[in-house]
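Descriptive structure summary
Spelled out from the first residue to the last, the chains are:
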Amino acid sequence: SLSCGIVGLPNVGKSTLFNALTQTAKAQAANYPFCTIEPNVGLVEVPDPRLYEIARRENSRKITPTFVEFVDIAGLVRNASKGEGLGNQFLAHIREVDAIVQVLRCFEDPSVVHVEGDVNPVRDAQIIDIELIAKDLQTVEKRLEKVQKMARLGDKQALQELGMLEDIKKILENLEPLRRYRSHLSEETWHYAQKTLFLLTTKPVLYVANVGESDLPEGNRWVKELEEYAKGEGAPVVMVCAKLEAELVELAPEEKEELLRVYGFDEPGLNRLVREAYRTLGLITFFTAGEKETRAWTVLKGTKAPQAAGKIHSDMERGFIAAEVISYEDYIKVGSLSKAKEKGLVRLEGKDYVVQDGDIMYFRFNV
Ligand code: GDP
């Protein structure tokens, strides 16, 4: 499954956030013994009220949500790319995740040391990026050396690769992460940077603005600065108060609701974070529904019906005939699956159908 790596400078609230996330997972884990894989890896339920609404209407005996994986990647310090601290190990871990969750300190608290002296999330985000950029430059330079040799021997393919490497290098040398300059690169070069070189700065980023309790609910000037900065790359910013989230997970449901209401929220910030992380990973959800079970399934945006069926069982992909589909909105309008069928609102879709977020699907297949 796809995973998000939580990164940030020391003392920005990463562990507080990660613990709150996995605590939530543990609370929900009764049915999911696989929830904690390793101490620093947690599978977290993707909160989706649609799932529970469908299950309620279909009188489902079992409800199965979908999950996203979070990895707590501690150890980023200045000069990590030069091997400072656990630098190299840290960067190797980032290579393995599919998206980066950058936690940025937007809270003032004299009792919590700030490693850079004062609160400044944009500067901190750039410090993190500098390390990723430095690592990417190392990767590019290593590859350049090899390719230059091959090009000198007259290898045509090497010549072409050389051009791509030089375009990539130019951006990195300006100390810019590639994701901010995607439009400056050809599709082919971007793909090469991402899928062949696995460069760290091609990974999608989600920024978490960790604010203090007294900044809720509207945030503060640092959050605004961070939002402005994130706009430059079209990245989402999720504001949370990690400390409050950590308190919330300890509470009984009624107390939780009450505390949320005090701050003017109708759900924990973690819910928003998990949903945004899911979107950042390019994931969408479709549902299967019935009396026996209503279940959420994860696919990459753009997945076609047979491959979606394959998530459930490989036989269903191999023997795929057609999919019966209704969107969540239409389903809610008509009220239930049986009514939808009665009214002929369930569409029949073939193998080229691209699954849409919220689709409720039933697959017909040959065994
Ligand atoms: P990490 O080093 O990034 O993992 O940071 P921690 O999660 O260990 O947090 C560092 C310190 O900051 C701890 O003492 C936390 O209690 C505190 N902290 C974390 N989030 C908040 C917050 O939202 N507000 C305040 N005031 N303190 C926080």
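How each quantity is defined
- Every chain begins its residue count from 1, and numbering advances along the sequence as written.
- It should be noted that, the model being predicted, local features are given only for residues of pLDDT at least 70 and side-chain atom pairs only at 80 or more, the latter also being counted only at that level, while totals for whole chains, interfaces and linings use all residues.
- Working rule for contacts: place C-beta from the backbone, and if it is within 6 Å of a molecule or strand, that residue counts as near it.
- For this classification, the nonpolar set comprises Ala, Val, Leu, Ile, Met, Phe, Trp, Tyr, Cys and Pro, the charged set comprises Asp, Glu, Lys and Arg, and every other residue, Gly included, is treated as polar.
- Each domain's limits were defined by an automated method or a database of domain assignments.
- Once C-beta atoms have been placed from the backbone, residue pairs whose C-beta atoms lie within 7 Å are recorded as contacts.
- Here a helix means four or more residues in a row that DSSP labels H or I, a strand means two or more in a row labelled E, and each is numbered from the N terminus.
- Each residue is classified by how many other C-beta atoms fall within 10 Å of its C-beta atom, where C-beta atoms are placed from the backbone; a count of 20 or more means buried, 12 or fewer means exposed, and values in between mean partly exposed.
- One requirement defines pairing of two strands: DSSP has to find at least two bridges between them.
- If you view a crossover with the strands going away from you and the path from the first strand over the helix to the second runs clockwise, you call it right-handed.
- UniProt positions are given in the numbering used here, feature names are shortened, and annotations may be inferred rather than shown by experiment.
- Angles run from 0 to 180 degrees between N-to-C directions of axes, and those axes are lines fitted to C-alpha atoms, restricted for helices to the stretch in contact.
- Convention used here: angles under 35 degrees read as roughly parallel, angles over 145 as roughly antiparallel, angles from 65 to 115 as roughly perpendicular, and any remaining angle as oblique.

A few words now on the site of the ligand. Among the 16 residues in the neighbourhood of the ligand, the closest are listed as G13, K14, S15, T16 and K243. Grouping the amino acids of the shell around the ligand by side-chain chemistry returns 6 nonpolar, 7 polar and 3 charged.

So, on to the domain arrangement of the protein. Parsing the protein into structural domains produces domain 1 (3-117 + 204-280), domain 2 (127-202) and domain 3 (302-365). Using C-alpha coordinates to define each centre, domain 1 is positioned 31 Å away from domain 2. Taken together, the contacts link 14 residues of domain 1 with 9 residues of domain 2. The element that contributes the greatest number of residues to the side of domain 1 that touches domain 2 is helix α3 (residues 87-96), accounting for 3 residues. Residues that form the side of domain 1 that touches domain 2 fall into these classes: 8 nonpolar, 3 polar and 3 charged.

Burial of strand β7 (residues 205-210) is extensive: 6 of the 6 residues sit out of reach of the surface. What you see with β7 is no split at all: V205, Y207 and A209 on one side and L206, V208 and N210 on the other are buried throughout. Sheet topology places strand β6 (residues 99-105) next to β7; 6 bridges connect them, and they run parallel. Across the sheet, residue I100 finds its bridge partner in β7, namely V205. Running through helix α7 (residues 221-231), the crossover from β7 to the neighbouring parallel element strand β8 (residues 237-240) is right-handed.

The next point concerns the UniProt feature "binding site: ATP" (unreviewed entry) in the protein. In the UniProt entry, the feature "binding site: ATP" (unreviewed entry) is given for N11, V12, G13, K14, S15 and T16. Note that V12 resides in the loop between β1 (3-7) and α1 (14-27). Among residues more than four places away in sequence, those in contact with V12 are V103, L104, R105 and N210. For G13, the location among the structural elements is in the loop between β1 and α1.

Between helix α5 (residues 156-173) and helix α6 (residues 187-196), the least distance of the axes is 10 Å, while the angle of their chain directions is 80°. Taken together, the axes of α5 and α6 are roughly perpendicular relative to one another. The residues of α6 that touch α5, namely those facing M164, D167 and I168, are T189, Y192 and A193. Among the residues forming the contact of α5 with α6, the class breakdown is 4 nonpolar, 1 polar and 1 charged.

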